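Below are the chains, spelled out letter by letter.
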Amino acid sequence: MDRVLLEICVDDLAGVRAAADGGADRIELCSALALGGLSPSPTFATAAVESGVIVHAMVRPRAGDFVYSSDELDLMIAEIRTLASTGVAGVVAGATLSDGTLDRDALARLRDAANGIEIVLHRAIDLAPDPCAAVELAASLGFDHVLSSGGARSASEGADLLSRMVDVSGGRISIMAGSGITAENVAELVRLTGVRAVHASASGQQEWTDPRVAAFGFGSPVKRLTDASKVAAIRQALDRLLIPK
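Bear in mind the structure is a predicted one, so any value in this text is a computation, not a measurement. (Residues numbered from 1 in each chain as written. Predicted model: local features only at pLDDT ≥ 70, side-chain atom pairs only at ≥ 80, totals over all residues. Heavy atoms only, no water.)

S.K.: What is the right way to look at the environment of I117 in this model?
M.R.: Here I117 shows up in the loop between α4 (104-113) and β5 (118-121). Through-space distance from the C-alpha of I117 to that of H56 is 9.4 Å; in sequence the pair is 61 residues apart. Each residue touching I117, except ones within four places of it in the same chain, is listed here: A84, V88, A89, G90, V91, R111 and D144. (Helix = DSSP H or I, 4+ residues; strand = E, 2+ residues; numbered from the N terminus. Contact = heavy atoms within 4.5 Å.)

S.K.: When you look at the pairing of strand β2 (residues 26-29) in this model, what are you seeing that I'm missing?
M.R.: Taken residue by residue, a regular strand's side chains alternate between the two faces of the sheet. Neither face of β2 is left uncovered, since the one carrying R26 and E28 and the one carrying I27 and L29 both have all their residues buried. Two elements, strand β1 (residues 5-10) and β2, share 4 bridges in a ladder whose sense is parallel. Across the sheet, E7 pairs through a bridge with R26, a residue of β2. Following the chain from β1 across helix α1 (residues 13-22) to the adjacent parallel β2, one finds a crossover that is right-handed. Two elements, β2 and strand β3 (residues 54-58), share 4 bridges in a ladder whose sense is parallel. Bridging from a neighbouring strand, R26 pairs with I54 of β3. (Buried < 20%, exposed > 50% of the residue type's maximum accessible area, 1.4 Å probe, protein only. Pairing = 2+ DSSP bridges. Right-handed = clockwise from strand over helix to strand, strands pointing away.)

S.K.: Would you mind going over the pattern of salt bridges with me for this structure?
M.R.: It is possible for side chains bearing opposite charge to pair when their charged atoms get close. Within the structure shown, the criterion is met by 14 salt bridges. As a salt-bridge pair, D126 and R123 come within 2.8 Å of each other at their nearest N and O atoms. What makes D126 buried here is its relative accessible area of 13%. The class for R123 is partly exposed, based on a relative accessible area of 32%. Each of the salt bridges in this network shares a partner with another, and the network as a whole consists of R3, D25, R235 and D239. (Salt bridge = Lys/Arg side-chain N within 4 Å of Asp/Glu carboxyl O.)

S.K.: Would you mind going over the environment of S169 with me for this structure?
M.R.: Relative to the elements of secondary structure, S169 occurs in helix α6 (residues 159-169). Its relative accessible area of 4% is what places S169 among the buried residues. With 30 residues separating them in the primary sequence, S169 and A139 have C-alpha atoms 7.4 Å apart. Setting aside residues up to four positions removed in sequence, S169 forms contacts with V135 and I175.

S.K.: Can you help me understand the packing of helix α7 (residues 186-193) against helix α9 (residues 228-239) in this one?
M.R.: Helices that pack against each other are described as a pair by the angle of their axes relative to one another and the distance between those axes. Interhelical geometry of α7 versus α9 gives an angle of 45 degrees and a closest axis separation of 8 Å. For the element pair α7 / α9, the angle class is oblique. For α7 against α9, the interelement crossing comes out right-handed. Residues V186, A187 and V190 of α7 touch α9, and the partners they reach there are I234, A237 and L238. Looking at the contact of α7 with α9 residue by residue, the class counts come to 6 nonpolar, no polar and no charged. (Axes fitted to C-alpha atoms, helices over the stretch in contact; angles between N-to-C directions. Parallel < 35°, antiparallel > 145°, perpendicular 65-115°, else oblique. Left-handed = near helix turned anticlockwise from the far one by under 90°. Nonpolar A, V, L, I, M, F, W, Y, C, P; charged D, E, K, R; others polar.)

Quick look at the structure:
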């Protein structure tokens with residue numbers, strides 16, 4: 001079995017360092033992971049690239065759904081171009097219509113804006129009524145990767161659909177499993193689905209030193225911390241798949 005790629009999502013510089021120290025192959029760089037991940041600033045992206053780790057940057061201008069106005073889409077296209085100028089290897093984006101189907105026209109414009117770098121279709125695909133058809137569309141538009149939980153709350157719950165998505169992809173586009181990935185379940189998930197890449201947070205939680213941070217609305221009740229030891233444990237579980245039995 002070939003080595004399975006490990007991507008870790010992070011939203012601060014400490015997370016960038018922890019992911020690299022733990023053996024991540026790539027990071028998904030975001031701001032505000034508590035909101036599902038929003039676009040990082042160009043300065044943050046530059047610092048992450050300078051760390052030496054491969055960076056894919058989120059392009060998501062707001063929290064909530066993935067139905068974007070023309071103004072929001074223009075903003076996303078500008079963000080892609082700005083992020084590309086920082087040296088990121090790729091961007092992560094998605095757009096849907098109100099019924100959950102992928103927005104072909106919007107995705108085509110995002111793909112065009114990301115000319116010269118990779119582009120990932122994020123978990124907006126998990127809202128699609130037919131994720132396998134969505135894989136076909138993403139591949140036809142020239143997307144490089146799809147991040148999915150198989151239309152479920154976790155990748156383990158969506159393993160059957162993930163396996164079908166891998167089959168449909170036919171090697172034209174990489175299917176990356178994400179949501180709820182841990183060192184304890186990652187090997188079995190890879191065996192069940194055939195994915196060659198996984199996406200995880202590998203994080204823990206810590207209370208803020210000053211409780212007013214949450215009380216005043218400056219952040220969530222607890223602080224999210226990328227844990228290098230959890231990253232390393234997932235990496236080790238994946239590497240054990242390479243050892244002949």
